[in-house]
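Remarks on the overall topology
The primary structure of each chain is shown beneath.
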Amino acid sequence: MELWYTENQNDDLRFSCRVTRTLHVEKTPFQHLAVLETPCFGRVLVLDGIVQTTVWDEFMYHEMIAHVPLNTHPRPEKVLIIGGGDGGTAREVVRHPKVKSAVMVEIDERVIAVSRQYLPELSQGLDDPKLELRIEDGIEYVTKHPGEYDVILIDSPDPIGPAKGLFGRQFYEGVAAALKEDGLFVAQTESPLFNADLIAEIYRNLREIFPIVRLYLTYVPTYPGGMWSFTLASKKYDPLEVKPEDIPPLSYRYYNAEIHRAAFALPQFLQEILRRA
Ligand code: SAM
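Residues numbered from 1 in each chain as written. Predicted model: local features only at pLDDT ≥ 70, side-chain atom pairs only at ≥ 80, totals over all residues. Heavy atoms only, no water.

Some words on the site of the ligand
Around the ligand, the surrounding shell holds 24 residues, and the nearest of these are Gln31, Glu106, Asp137, Gly138 and Pro162. Note that a nitrogen atom of the ligand is positioned 3.3 Å from one of the side-chain N or O atoms of Tyr61. Burial of the ligand by the protein amounts to 99% of the accessible area it has alone, namely 600 Å². For the shell around the ligand, the per-class residue count stands at 10 nonpolar, eight polar and six charged. (Near = heavy atom within 4 Å. Polar contact = N/O pair within 3.5 Å; in protein donor to acceptor, adjacent residues only side chain to side chain. Areas by Shrake-Rupley, 256 points an atom, 1.4 Å probe, with all protein chains shown as cover. Nonpolar A, V, L, I, M, F, W, Y, C, P; charged D, E, K, R; others polar.)

Below is the structure:
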């Protein structure tokens, strides 16, 4: 009998792929957690019925959430990651040569344990000596660490369950306070095609808190619509001023100097969403 995974991306849209094997299913104290083996995407991490990441396309997300902000800051020595339990973002952060230490604050220790077991391609960075893991709510964590970080990365799921507050104005004020006086942060901010109102609200809130706010894009075929946004907010450094020589010669699969620049070129419909924000 054929096994299929089907995700309700919204009330009118479903995404399906064939599953070869269900590797893991559990209900954690925070969410429903599954890892599936699929012929199309390799292993897939699913939380509350929504694809979080796949071994096939994760590099387009993780390289872009990490290297764009890390190369915008001239000294990204102390980094905070909120969420990111699969380890993909941490893997990219710890291999950046200027990063001296990183803290990853994940609310659900089961996501980390299951990713360590089934997703070694992503979770490999979690054992790096530069990284400290903390199991707690990122919303509370930022309020307790004022002025500590050069760069903060918000690698959250969709704004539901424990992640809802990670998209709110109060949290962004906490993030601003947790940054040093020249710090910057990036958050994954969902689909420009399906979440325009949310993107506009985040942009509006951040413009009131930070002098520099810029949206940039990547492509993640297994997320709704494929086109995906990040929002970078900065107290001092502008990602558009990054020069090719500022980018360390690591082995990238998606990111490079041209992509760094091009990711900030926004299609007309998205520029209009931001203009109206
Ligand atoms: N890249 C993924 C995406 O865009 O959908 C998200 C990756 S990662 C799996 C997201 C993690 O954020 C989850 O493991 C979840 O447990 C964690 N998380 C949710 N709310 C959180 C909170 N308030 N504090 C810390 N971590 C949180």
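Picking up where we left off.
Structural notes on unusual backbone geometry
Unusually for a residue other than glycine, Asp48 sits at a positive phi of about 45 degrees. Mapped onto the elements, Asp48 comes out in the loop between strand 5 (42-47) and strand 6 (50-54). Of the residues examined, Asp48 reaches a relative accessible area of 36% and is grouped as partly exposed. The backbone phi angle of Glu190 is positive, close to 75 degrees, even though this residue is not glycine. For Glu190, the location among the structural elements is in the loop between strand 11 (179-188) and helix 7 (196-209). (Helix = DSSP H or I, 4+ residues; strand = E, 2+ residues; numbered from the N terminus. Buried < 20%, exposed > 50% of the residue type's maximum accessible area, 1.4 Å probe, protein only.)

Considering the sheet that holds strand 5
Taken in spatial order, the four strands of this open sheet run 3-4-5-6, and their pairing is antiparallel. The open sheet terminates on both sides in strands that have one partner only, identified here as strand 3 (21-27) and strand 6. Recorded for the sheet is a direction-independent mean angle of 20 degrees between the axes of neighbouring strands. Across six bridges, strand 3 lies against strand 4 (residues 32-38) in antiparallel orientation. Residue pairing in the sheet places Thr22 in a bridge with Leu36 of strand 4. Set on the sheet, helix 3 (residues 109-118) makes contact with strand 3, strand 4 and strand 5; between it and strand 3 the angle comes to about 165 degrees. (Pairing = 2+ DSSP bridges. Axes fitted to C-alpha atoms, helices over the stretch in contact; angles between N-to-C directions. Contact = heavy atoms within 4.5 Å.)

A word on the domain arrangement of the protein chain
Per the domain assignment, the segments making up the protein chain are domain 1 (3-54) and domain 2 (58-276). Distance from the C-alpha centre of domain 1 to the C-alpha centre of domain 2: 23 Å. Of the residues lining the interface, 21 residues belong to domain 1; the matching set on domain 2 comes to 20 residues. In this assembly, domain 1 and domain 2 are joined by one salt bridge. Across the pair Glu26 and Arg110 runs a salt bridge whose closest N-O atoms are separated by 2.8 Å. Run the count over domain 1 and domain 2 and you get seven residue pairs in polar contact (both at pLDDT 80 or more). (Domains from an automatic or database assignment. Salt bridge = Lys/Arg side-chain N within 4 Å of Asp/Glu carboxyl O.)

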